[in-house]
Amino acid sequence: MKNLKKGIALAMAASLSVCMFAGCGESGESSEGGTTTPKADGTTTSADGGKVYYLNFKPEQADQWKALAETYTKQTGVEVKVETAASGTYEEQRKSEMSKENAPTLFQVNGPVELAAWGDYCYNLKDSSVYTNLKSDDFALIENGEVKGVAYVIETYGIIYNKTLLNKYFETDGAKAKSVDEINTFAKLKEVVEDIQAKKDDLGIKGAFTSAGMDSSSDWRFKTHLANLPIYYEYKADNIGSTSAIKGTYLDNYRQIWDLYINNSTCDPKMISSKTGEDAAAEFGLGEAVFYQNGTWEYQNCIDAGLTDDDLGMLPIYIGADGEENQGLCTGSENYWCVNAKASEADIQATLAFLDWVITSDEGRTAMSQDMGFVTPFKTFDEGDKYQPNNTLVKIANEYIASGKTAVSWNFPTIPSEKWKDGVGAALLDYAQNGSSDEKWEGVKTAFVDGWKTEYDAAHKDDAAAEGDAAAEGDAAEESAAEEVDNAAQ
Amino acid sequence: MSKKELRPYFLLFALPTFIAFLIGFVVPFGLGIYLSFCKFTTVNDAVPVGFANYLAVFDKNIDNGEFIHALWYTTLFAIVSVITINFFGFCIAMLLTKGIRGTNVFRTVFFMPNLIGGIVLGYIWQLILNGILARFDLTLTFSEVYGFWGLIILMNWQQIGYMMIIYIAGIQNVPPELIEAAKIDGATGRQVLGHVILPMVMPSITICTFLTLTNSFKLFDQNLALTNGLPGSKSELLALNIYNTFYGRVGFEGVGQAKAVVFSLIVGALAIAQLAATHTKEVQQ
């Protein structure tokens, strides 16, 4: 009996220690998990001693980046590691990875606000090929004359619609419009949407709009992308590129469009708090709704859901502002490449060489434009249609610009903080859930106007004045980015 | 081997755990306290700023009173869940020590939910509760009240089984002769429970209240999965609020860290107070 006890004790002790060592060994390995090269220890490096570590923001393109990195390593022998943060966890990943000894040499920021936090980590890209090949300075984040970040993808959003369903509606008796060209103001859009909603059973759909989900997988469509429109028109009216205190001049328009979304959708406004992005995508993909506010990045999902290129169209988001007949889609970028200034010189050079290869080599350009489907702001992609993505929504966006419509710029990178967006989102939800009353709209106003000031002051509480100016400069650049796309497309 | 023979090896045996404790707890804790006095983006570039972060935690203009709200919300949640979990856990333990047929099966069934991870449980209950609320055209994130009770139901479902096991062990340790003696003296069932069993299982109660109290205060996964703090950040418990401050707001890493320090002080103080309070009620056999 005593021996048995001893034996068990020994076995347990042994298994415990094995667990411990195994645990150590495993974690050592997993840190190399994302390496795309066969080198396991990470100490062997290429001839010039530099290596590249890209912390990618877009999970949709994770595999494509890895494949591209592998090609590069095969051709040049330079180690390129690509890690992708899971959706919505980029900030966590970036924070922990950047504190490590082998920190990413290439990472992303989404605009001036994040740049304020990460500016010290951004290498001046002034002489780099990615900057010199940019079509315009508007696509770069420039602070005090230093090029801190370079946009690598231009995206467009609006109201995607199901052409087949909409045409079906146009043929019904008493349709408020006979062709999509007639929808060029908010008033007309409202008429059509409300009529579709009334005829939803005849059309075999569940609602005019997809559910305006306020789950975190979908709420950015309204608290950020839709909020861009009142901000855009206010900036435009005041002729500014950013502000420390927003006035909310166009908030009534914001309310109009939000009302239209929630009252003419596939679900009751009370249900939106738990509707997800997948719900809306599924409703649109299955033809249960005609309109769906989203962007060019959603193209592949639409096709995967069974829609064809002929089914897809995109309208500008009309909010009832003056002169909106000439308003185009919302075009801009919130994806900027930054090279880690705190990496070793060799790694920085290796990273710059990699980026140069990505935007100049045939493999790199094909991968970015065809495999990843990016519209890029680089001159090197201008060789006919060869490096243009096969994306119907992008084509529609280009057509809008070609027809002389003014693209709406992305001003939401100038929003002072995520907290502001959360506040507006919560107020929008509160408003929708409680019968869309005037009183509840006051809550949205407070979150929008007062929240902006509070968050702006909190974010700038100890910044030097110079830093604030620089941020403003970056914002101004952002502002005219969309116009630049015009020129690029023409 | 006698105790004397073992003594020289004490350090050797304690070393691995000690090192693990040092790396996994003491160092990060120290670093965390230091960082709460700094402004930083990554932990390598911290610049000391004194007490600014702590002032920001309680400044309504900066934090929108969210930390205070989360504190009250968590306190309320802790009170309700400590009471309900322990009450139901104890009741079930009493039932399952009466020698009902299939006692072991029931014990296993009640314990099972505890084996499922918090995130998974959160999503499962989100589906269930939303499914029920959908009948009334409502959802779990309609208001923080639904989120609160949803979380209470979830935590009860998960933890009752675990506390039940501890209570069963305690109840089984009550000497039968004490109960028999009480009965011979003419004590009713209620009196036996109140004057014999309860005092005798006081050590179990200490453990269970300690576990449920600290668990409720530190709750994170379930909160994240069930409501993620929605609507707004009104159903955020403290841990989630700290997480969202740290990662969700540019330039607020230090404030998040300061909140974390305040948080650990609160939890530590509560745990000690609770242990002291229930210990005094324990009786020696």
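What you see is a predicted model; the values in this text were computed from it and never measured.

## Some thoughts on the overall build of chain A
In terms of regular secondary structure, chain A is built from 20 helices and 12 strands. By residue count, 51% of the 490 residues in chain A fall in the buried class. In chain A, the share of contacts with a sequence separation of at least 24, taken over all contacts with a separation of at least 6, comes to 77%.

## Focus on helix H10 (residues 228-238) of chain A
Every buried residue belonging to H10(A) is among A:Asn228, A:Leu229, A:Pro230, A:Ile231, A:Tyr232, A:Tyr233 and A:Tyr235, and all of these are buried. Remark: A:Asn239 follows H10(A) within two positions and exhibits a positive phi of approximately 55 degrees.

## So, the environment of B:Leu219
Residue and element names in this part refer to chain B. Along the chain, the position of Leu219 falls in the loop between helix H11 (202-218) and helix H12 (221-226). With 22 C-beta atoms packed within 10 Å, Leu219 lands in the buried category. Residues Leu219 and Lys4, 215 residues apart in the sequence, show an inter-C-alpha distance of 44 Å.

## Here we look at the domain arrangement of chain B
Residue and element names in this part refer to chain B. Taken domain by domain, chain B consists of domain 1 (3-52) and domain 2 (54-279). Each of domain 1 and domain 2 has a C-alpha centre, and the two are 29 Å apart. Each partner contributes to the interface: domain 1 provides 11 residues, whereas domain 2 provides nine residues. Within the residue set of the side of domain 1 that touches domain 2, elements represented by two or more residues are helix H2 (10-35) and strand E1 (38-39). If one sorts the elements of the side of domain 1 that touches domain 2 by residue count, H2 sits on top with three residues. Looking at the side of domain 1 that touches domain 2 residue by residue, the class counts come to seven nonpolar, three polar and one charged.

## Points about the nonpolar core
Judged by nonpolar contacts, the single largest core of 190 residues is most densely connected at A:Val150, A:Val290, A:Phe291, A:Cys338, A:Phe354, A:Leu428 and B:Tyr167. The element contributing the most residues to this core is helix H8 (residues 144-172) of chain B, with 11 residues. Apart from residues no more than four positions distant in its own chain, A:Val150 is found in contact with A:Leu125, A:Val130, A:Tyr131, A:Leu134, A:Phe139, A:Ala140, A:Tyr336 and A:Trp337.

## As for the confidence of the model for chain B
Taken over all residues, the pLDDT of chain B has a mean of 88, while the share at 70 or more is 98%. At the level of chain-chain contacts, confidence expressed as ipTM amounts to 0.72, with global pTM at 0.78.

## Structural notes on the interface of chain B and chain A
Listed per partner, the contact involves 24 residues of chain B and 28 residues of chain A. Going through the elements one at a time, helix H4 (60-63) and helix H13 (238-248) of chain B are the ones with two or more residues in the side of chain B that touches chain A. Classifying every residue of the side of chain B that touches chain A gives nine nonpolar, 12 polar and three charged.

## Here's the deal with helix H18 (residues 438-459) of chain A
Compared with the 32 Å implied by 1.5 Å per residue over 22 residues, the 31 Å span of H18(A) between its first and last C-alpha is a close match. Of all the bends in H18(A), the greatest measures close to 35 degrees and is centred on A:Gly451. Of the residues making up H18(A), those classed as buried are A:Trp441, A:Val444, A:Ala447, A:Phe448, A:Gly451, A:Trp452, A:Thr454, A:Glu455, A:Tyr456, A:Ala458 and A:Ala459. Buried residues belonging to H18(A) abut helix H11 (251-263) and helix H17 (418-433) of chain A together with H4 of chain B.

## Details of the pairing of strand E2 (residues 80-84) of chain A
Residues and elements named next belong to chain A. The buried fraction of E2 amounts to four of the five residues, a majority that puts the element mostly inside the structure. In this sheet, E2 lies alongside strand E1 (residues 52-56) in parallel orientation, the contact comprising five bridges. Paired with Tyr53 across the strands is Lys81, a residue of E2. Tracing the backbone out of E1, into helix H2 (residues 62-76) and back to the parallel element E2 gives a crossover that is right-handed.

## A word on the domain arrangement of chain A
One widely used convention gives an interface's size as the accessible area the parts lose upon coming together. Taken domain by domain, chain A consists of domain 1 (52-152 + 334-376) and domain 2 (156-331 + 404-489). Relative placement of domain 1 of chain A and domain 2 of chain A: their C-alpha centres are 29 Å apart.

Thresholds, definitions, all that
Residues numbered from 1 in each chain as written. Chains lettered and ligands numbered in written order. Predicted model: local features only at pLDDT ≥ 70, side-chain atom pairs only at ≥ 80, totals over all residues. Helix = DSSP H or I, 4+ residues; strand = E, 2+ residues; numbered from the N terminus. Buried ≥ 20, exposed ≤ 12 C-beta atoms within 10 Å, placed from the backbone. Contact = placed C-beta atoms within 7 Å. Domains from an automatic or database assignment. Nonpolar A, V, L, I, M, F, W, Y, C, P; charged D, E, K, R; others polar. Core = buried A, V, L, I, M, F, W, Y, C linked by C-beta atoms within 7 Å. pLDDT = per-residue confidence, 0-100. Expected span 1.5 Å × (residues − 1). Bend = angle between axes of the 7 residues up to and from the residue. Pairing = 2+ DSSP bridges. Right-handed = clockwise from strand over helix to strand, strands pointing away.

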